[in-house]
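What follows is each chain in one-letter form.
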Protein chains: 2
Amino acid sequence: MASRPAIQDIHEAAERIRPWVHRTPVLTSTTLNSMCDADIFFKCENFQKSGAFKIRGAANAIFSLGEKEALKGVATHSSGNHAAALALAAGWRGIKAYVVMPENAPLVKKEAVAGYGAEITLCESTLQGRETALMQVVNRTGASFIHPYNDTRVISGQGTAALELCDSVPDLDGVIAPVGGGGLLSGTAIAVSAVAPETLIFGAEPENADDAYRSLRAGRIIPSENPDTIADGLRTSLGGLTFPIIQKLVHHIMLVSEEDIRRAMRLIWERMKIVVEPSSAVPLGALLAHRQTLPGKKIGIILSGGNVDLSTLSWDMKNRTTQQ
Amino acid sequence: MASRPAIQDIHEAAERIRPWVHRTPVLTSTTLNSMCDADIFFKCENFQKSGAFKIRGAANAIFSLGEKEALKGVATHSSGNHAAALALAAGWRGIKAYVVMPENAPLVKKEAVAGYGAEITLCESTLQGRETALMQVVNRTGASFIHPYNDTRVISGQGTAALELCDSVPDLDGVIAPVGGGGLLSGTAIAVSAVAPETLIFGAEPENADDAYRSLRAGRIIPSENPDTIADGLRTSLGGLTFPIIQKLVHHIMLVSEEDIRRAMRLIWERMKIVVEPSSAVPLGALLAHRQTLPGKKIGIILSGGNVDLSTLSWDMKNRTTQQ
């Protein structure tokens, strides 16, 4: 499935996954608007099934499989939202999901993926360890490998979030999506450039994982090596399928400091009263830092997910004074 | 304003405050439904203006004032959501709000109230200190005292949340609201008993601040003394106006342990991806602990607010493994 997806693929994906995923709400915040001097429309994929936009691509891939192919199940290597989404969607179709995870993955992640019914294979925590383990699983089971982002069906599914956003808010000046492997951003770019050709498309990327920024400047993929960012969903690098789409359709990649990511995440929790994961806060961080360079004021932001491990947060709020 | 409010007062309050407050959404969660073996409908007052239901009562009180009375402003003693709400609503009407706060109130609270434009008077952190300071402010300014809960206009305003909930979900078996001073619960009870007389009305209260439970058993108000609970909005005790309403209309007060409050709060953040304050989690905590004793399955819960001081939470999530 290496052909480049087109808008028709995204429309078909939208039809295919409609019975399974939420049409997530678009929220606004007066306070954040005034802080950014813009009208911001947040597409809330944190409320999506499985807690992230990833279910769109996973469901589209799984429901695109032929009957015979599907019976053998699906496989992937991932320790995050794609694995959980693939496991959930496989359950909907009644087929098996095989997930290769590094042995040092957090227990909460293993439990989430296992909770959706996937069969987990642990492997060494190296790229080679993952790929070897995945190949063994695929050879043994005949399962279809569903790559987290470098897959036409996955990209087409991810593009359906922006399709809904443009339908809800038709005349946006710009759309900002976070960029890691580029599945969400490339799907967003195909969707927005087709249905709202006047709207500019931006990627937002952590300074500490700036492979998309550097790759676009260099004109070839330059992966990040062991990037260190709180935005854990964005540590991966562009793939051979996502890179050329982004190169062609995305106006600019905005870089965001760790401090601005944390600040934006806290603002979203505090002001909008919604839980988002760090990766989701990167576009708002970009807007807070770069708003003066943005043309126009009506900006769509894709809040990619809300899967935060709350066990890492301290919950001691006992020492607050009495209130009414 | 010591007369007992009736359903007509709540309908009038709803009309009066409609231009100013949100009709908040009602959310559901498949996971929480299956954990509780019930269909739960969460009325999300955490998304309300000022971050809590308190703006309903405050706005109703302020827009009920005659022109001459209003010009002198409003006053209250509070360090929490009522103070912020009163300040915000006073700004809408273009009048002054005077707020008496204990000198040891957290800076974040003082800033929130000041941010809405109120004039703050600091006082000693005792009931007597507050009351003396309030009396001095009222004598000096002629401002109208708006009690946080023992006020017909305030109770009527708070009842509008349940009115909307019953309108959105007409055939609830039960409604659960948290109970502190009883403004929300008594307003809820008047609204629900009038528009959905078959629906049972429950209060949910921390075990560690169980004055409503004890007062109903004793048949007279028995205040809590220095209650120690994470649900900081529920540390106050019933008042002379709220007690008889609750006595007459509320089916049962459910007590909830601190552990169950924390567990319910975390579940709401994790599963629903929304930020609620500890007081908001008390009804779900009750449902998780007492579900076997509840008649029927279709339960409305009022999530009272989302004002949590996130500076008390640790934000170090750097040490998570790479994901996709």
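Residues numbered from 1 in each chain as written. Chains lettered and ligands numbered in written order. Predicted model: local features only at pLDDT ≥ 70, side-chain atom pairs only at ≥ 80, totals over all residues. Heavy atoms only, no water.

1. Structural notes on the sheet that holds strand 6 (residues 144–145) of chain B
Through backbone hydrogen bonds, the strands of a sheet pair up, either in parallel or in antiparallel fashion.
Residues and elements named next belong to chain B.
Here comes step 1: Pairing is parallel across the open sheet formed by 4 strands, whose spatial order is 5-4-3-6. Lying at the two open borders of the sheet, with one neighbouring strand each, are strand 5 (119–123) and strand 6.
Here comes step 2: Judged from the 2 bridges that link them, strand 3 (residues 74–77) and strand 6 form a sheet pairing that is parallel. Considered in strand 6, the bridge of Val 74 is made with Ser 144. (Pairing = 2+ DSSP bridges. Helix = DSSP H or I, 4+ residues; strand = E, 2+ residues; numbered from the N terminus.)

2. Comments concerning the sheet that holds strand 2 (residues 39–44) of chain A
All names here are of chain A.
Here comes step 1: The 6 strands are arranged 1-2-10-7-8-9 in an open sheet whose pairing can be described as mixed. What marks the edges here is a single partner per strand, and that holds for strand 1 (26–27) and strand 9 (252–256).
Here comes step 2: Bridge analysis of strand 2 against strand 10 (residues 298–303) gives 6 bridges, and the strand direction is parallel. Its bridge partner lying in strand 10, Asp 39 is registered against Lys 298.
Here comes step 3: Contacts from helix 10 (residues 211–218) reach strand 8 (200–206) and strand 9 within the one sheet, and its direction differs from that of strand 9 by about 140°. (Contact = heavy atoms within 4.5 Å. Axes fitted to C-alpha atoms, helices over the stretch in contact; angles between N-to-C directions.)

3. Digging into the domain arrangement of chain A
All names here are of chain A.
Here comes step 1: For chain A, the assigned domains read domain 1 (7–53 + 151–306) and domain 2 (55–145).
Here comes step 2: Measuring from the centre of the C-alpha atoms in domain 1 to the corresponding centre in domain 2 gives 24 Å.
Here comes step 3: Every contact between the two is made by 24 residues of domain 1 and, on the other side, 15 residues of domain 2.
Here comes step 4: For the pair domain 1 and domain 2, the two sides together bury roughly 1,600 Å², of which 58% comes from carbon and sulfur.
Here comes step 5: The tally of links between domain 1 and domain 2 comes to 2 salt bridges.
Here comes step 6: Arg 56 is the partner of Glu 164 in a salt bridge, and the nearest nitrogen-oxygen pair spans 3.0 Å.
Here comes step 7: Run the count over domain 1 and domain 2 and you get 11 residue pairs in polar contact (both at pLDDT 80 or more).
Here comes step 8: Listed by contribution, the elements that provide at least two residues to the side of domain 1 that touches domain 2 are helix 1 (7–17) and helix 8 (152–168).
Here comes step 9: The greatest single-element share of the side of domain 1 that touches domain 2, amounting to 8 residues, is contributed by helix 8.
Here comes step 10: Here the residues of the side of domain 1 that touches domain 2 sort into 8 nonpolar, 8 polar and 8 charged. (Domains from an automatic or database assignment. Buried area = accessible area lost by both parts, 1.4 Å probe. Salt bridge = Lys/Arg side-chain N within 4 Å of Asp/Glu carboxyl O. Polar contact = N/O pair within 3.5 Å; in protein donor to acceptor, adjacent residues only side chain to side chain. Nonpolar A, V, L, I, M, F, W, Y, C, P; charged D, E, K, R; others polar.)

4. With respect to the pairing of strand 8 (residues 200–206) of chain B
Residues and elements named next belong to chain B.
Here comes step 1: Where burial is concerned, most of strand 8 is hidden: 6 out of the 7 residues are buried.
Here comes step 2: Sheet topology note: the strand 7 (residues 174–178)/strand 8 ladder contains 5 bridges and is parallel. Note on strand 8: the bridge partner recorded for Pro 178 is Ala 204.
Here comes step 3: Regarding the hand of the β-α-β motif, the stretch spanning strand 7, helix 9 (residues 183–195) and strand 8 is right-handed.
Here comes step 4: With 5 bridges connecting them, strand 8 and strand 9 (residues 252–256) associate as parallel partners. (Buried < 20%, exposed > 50% of the residue type's maximum accessible area, 1.4 Å probe, protein only. Right-handed = clockwise from strand over helix to strand, strands pointing away.)

5. Thoughts on the nonpolar core
Here comes step 1: Counting 74 residues, the largest nonpolar core has Trp269(A), Leu284(A), Trp269(B) and Leu284(B) as the members making the most contacts within it.
Here comes step 2: In this structure, Leu165(B), Leu184(B), Leu185(B) and Ala191(B) belong to the second largest nonpolar core, which totals 32 residues. (Core = buried A, V, L, I, M, F, W, Y, C linked by side-chain atoms within 4.5 Å.)

6. Some words on the environment of His82(B)
Residues and elements named next belong to chain B.
Here comes step 1: Here His 82 shows up in helix 5 (residues 81–93).
Here comes step 2: The class for His 82 is buried, based on a relative accessible area of 0%.
Here comes step 3: Along the sequence, His 82 and Glu 45 sit 37 residues apart, while their C-alpha atoms lie 14 Å from each other.

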